[in-house]
Amino acid sequence: MSKNIVIIGAGFAGMWSALSAARLAFLHNSTDITVTVIAPQAALCIRPRLYESNPAALASPLLPLFAATGVTFVAGSVSHIDSDAHQVTYSDENGLENTLSFDKLILASGSRLNRDAVAGAEAFAFDIDQAEAAAHFDRHLHSLATQPQSAARNTFVVCGGGLTGIELATELPARARAVLGAEAEIRVMVVERASAPGGQFSHEMQQTIAEASRELGVEWRLNSSVEEVRADGVLLTNGEFIASHSVVLTAGVSASPLAAQINGERDARGRLHVDDNLKVIGQDDIYATGDVARAVCDDEGRFALMTCQHAIPLGKFAGNNAAAALLGVTPLPYRQPGYVTCVDLGEWGAVFTETWEQKVKAVRSEAKAIKISITHDLIVAPAAERETAFRQADPLAPFV
Ligand SMILES: Cc1cc2nc3c(=O)[nH]c(=O)nc-3n(C[C@H](O)[C@H](O)[C@H](O)COP(=O)(O)OP(=O)(O)OC[C@H]3O[C@@H](n4cnc5c(N)ncnc54)[C@H](O)[C@@H]3O)c2cc1C
């Protein structure tokens, strides 16, 4: 009888889980393993590029790839996971409730910004966490050209100076000038709790981020937090009010709420603890991968981060290991000791680092070329061709 691997999510981890599971079944000439991906859309959203202009164009279709590799796609949004009954409930495209049964489940539903963590954010802040939100902000940015000139119209406040906040803030001067004119007096401000720009990164990186910010005119409000986002701006905890029509929230990401439906230990960001094979600890048939997994990634005991860099290999290992369990072959323990960082810094360029100590290896245009090769080539979906897709889906194929 056919065995079903069901994968929730068609992001980096979900897509690669599906390809990797299908690959292993194919290599073992197995015709009785069905691999099914369920997600609202059959498209890979390149979330790491959502700070750019025209984010609506950043999704690549997955149906041809799934057809070429024998993966079934179901359009739907999962609302309930029943671990005991081995069943997921989802709403289909017409809003109708349906169920899918699984022998092995891979949870790859990613992460999302906690908009309700900051007062007023739900009503008044923009964000760029998901494709629709980034497109909404892009439309707002373009609509500013029709508003009368004012300081609030020309001021952009980015709440949170992590990776996403830095990339958006350093890109915004050019994006805003493209809409409001080269002579417009644009102000971009980053509100950040840390005491230095890029405070979560290495000292070397911080210096680079500070230099780029200075050159681009990006201002930092350090040691600062947001008290409340309002219709006309943002109030900081120190009492300062910044008038702005464009407050963008970038801090505070948690694992998909579906993770909380699975019985298992979770970390502070809601990620499920998994073993070396990416199986949820305490569950026999459920794997977690990508942003929903808290996985050890090297022999030093470091944990994978909520990054695309980790989600891609995590997906390949999870899919391989779910299929291996059904085929009765030895799973591959997940390991990813290498780590790089590449942060876009707008018109200044970018910064590229290697190792967990984040040693700066390239800056400005040299690093920008690396960034573009990562976001335009390395992380995109493979060609819709079985041999190529399966070669790249091998968990042991070189990545980063
Ligand atoms: C602006 C921005 C910049 C970033 N920059 C970088 C960077 O430079 N480098 C880097 O490595 N990482 C970066 N990241 C992080 C990276 O994008 C994520 O870590 C990565 O997307 C995680 O992959 P994933 O497959 O786990 O989740 P996702 O890519 O989020 O995919 C989740 C999938 O699950 C689906 N889904 C969610 N809920 C349900 C449900 N209920 N039912 C069915 N399907 C569901 C979604 O539709 C989607 O298909 C950035 C993220 C953002 C937002």
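Above this text is the structure in question.
For clarity, every value in this text was computed on a predicted model and none was experimentally measured. (Residues numbered from 1 in each chain as written. Predicted model: local features only at pLDDT ≥ 70, side-chain atom pairs only at ≥ 80, totals over all residues. Heavy atoms only, no water.)

### Re the sheet that holds strand β1 (residues 3-8)
This is how the line gets drawn: A strand pair is defined by DSSP finding two or more bridges across the two strands. Helix and strand definitions follow DSSP, with helices as H or I runs of at least four residues and strands as E runs of at least two, each counted in order from the N terminus. Throughout, an axis means a line fitted to C-alpha atoms (over the contacting stretch in the case of helices), and angles, computed between N-to-C directions, take values from 0 to 180 degrees. Should any heavy atoms of two residues lie within 4.5 Å, those residues are counted as being in contact.
Pairing within the open sheet is mixed, and its seven strands lie in the order β7-β6-β5-β2-β1-β8-β20. Because the sheet does not close on itself, it has two edges, and the strands there are β7 (97-101) and β20 (286-288). When strand polarity is set aside, the average angle formed by the axes of neighbouring strands in this sheet is 35 degrees. By the bridge criterion, five bridges tie strand β6 (residues 87-92) to β7 in an arrangement that is antiparallel. If you follow Val-88 over to β7, its bridge partner there is Leu-100. With respect to the sheet, helix α1 (residues 12-27) is in contact with β1, β2 (33-39) and β8 (104-107), its orientation differing from that of β2 by roughly 170 degrees. Sheet contacts for helix α8 (residues 308-327): β1, β2, β8 and β20; angle to β8, the most-contacted strand, approximately 170 degrees.

### Describing the pattern of salt bridges
Selection rule: When a carboxyl oxygen of Asp or Glu lies within 4 Å of a side-chain nitrogen of Lys or Arg, that pair is called a salt bridge. Here's how the labels work: a residue is buried when its accessible area is under 20% of the maximum for its type, exposed when over 50%, partly exposed in between, all with a 1.4 Å probe on protein chains only.
Throughout the structure, instances matching the rule amount to 21 salt bridges. One salt bridge in this structure joins Glu-52 and Arg-49, with 2.9 Å as the shortest N-O distance. Note on accessibility: Glu-52 and Arg-49 belong to one class, buried. Each of Arg-187, Glu-219, Arg-221 and Glu-240 takes part in a single network of salt bridges with overlapping partners.

### Topic: the nonpolar core
Using the following cut-off: The criterion is simple. A nonpolar core is a set of buried Ala, Val, Leu, Ile, Met, Phe, Trp, Tyr and Cys residues joined through side-chain atoms within 4.5 Å.
Ranked by size, the top nonpolar core spans 78 residues in total, and within it Ile-8, Met-15, Ile-81 and Leu-107 carry the most contacts. Broken down by element, this core gets its largest block of residues, ten residues, from α1. Non-local contacts of Ile-8, meaning those with residues more than four positions away in its chain, are made with Ile-38, Val-78, Ile-81, Val-88, Leu-105, Ile-106, Leu-107, Ala-108, Ser-109 and Leu-258.

### A few points about the packing of aromatic side chains
How two aromatic rings sit relative to each other is given by the distance of their centres and the angle of their planes. Going by this rule: Centre distance within 6.5 Å is the pairing criterion for rings of Phe, Tyr and Trp, where only the six-membered ring of Trp is used; planes under 30 degrees apart are then read as stacked, over 60 as edge-to-face, and the remainder as tilted.
This model, assessed by the stated rule, comprises five aromatic pairs. Relative to Phe-390, the ring of Phe-26 lies with its centre 5.5 Å away and its plane at 50 degrees, an arrangement referred to as tilted. Placement of the pair is Phe-26 in helix α1 and Phe-390 in helix α10 (residues 386-393), with a sequence separation of 364 residues. Geometrically, the ring pair formed by Phe-317 and Tyr-334 is edge-to-face, given 5.5 Å between the ring centres and 80 degrees between the ring planes. One end of the pair, Phe-317, is in helix α8; the other, Tyr-334, is in the loop between α8 and β22 (340-344), and 17 residues separate them in sequence. Taking relative accessible area as the criterion, Tyr-334 reaches 0% and is therefore assigned buried.

### Focus on α8
Definition in use: By this rule, a helix spans an expected 1.5 Å times one less than how many residues it contains.
Under the 1.5 Å per step criterion, the end-to-end length of α8 is 28 Å for 20 residues, consistent within 8% with the ideal 28 Å. The element α8 is largely enclosed, with a buried count of 17 among its 20 residues.

### Remarks on the pairing of strand β13 (residues 218-221)
Burial along β13 is one-sided: Val-218 and Trp-220 are buried, and none of Glu-219 and Arg-221, which face the opposite way, are. As paired elements, strand β12 (residues 187-191) and β13 share four bridges and run parallel to each other. Bridge assignment links Val-190 to a residue of β13, and that residue is Trp-220.

### Notes on the sheet that holds strand β17 (residues 246-249)
Taken together, five strands build an open sheet; the order of strands is β10-β17-β11-β12-β13 and the sheet is parallel. Only two strands of the sheet have a single partner each, and these edge strands are β10 (126-127) and β13. Alignment of strand β11 (residues 155-159) against β17, held across four bridges, turns out to be parallel. Its bridge partner being in β17, Cys-159 is matched across the sheet by Leu-249. Running over the sheet, helix α6 (residues 163-180) touches β11, β12, β13 and β17 and is turned about 170 degrees from β11.

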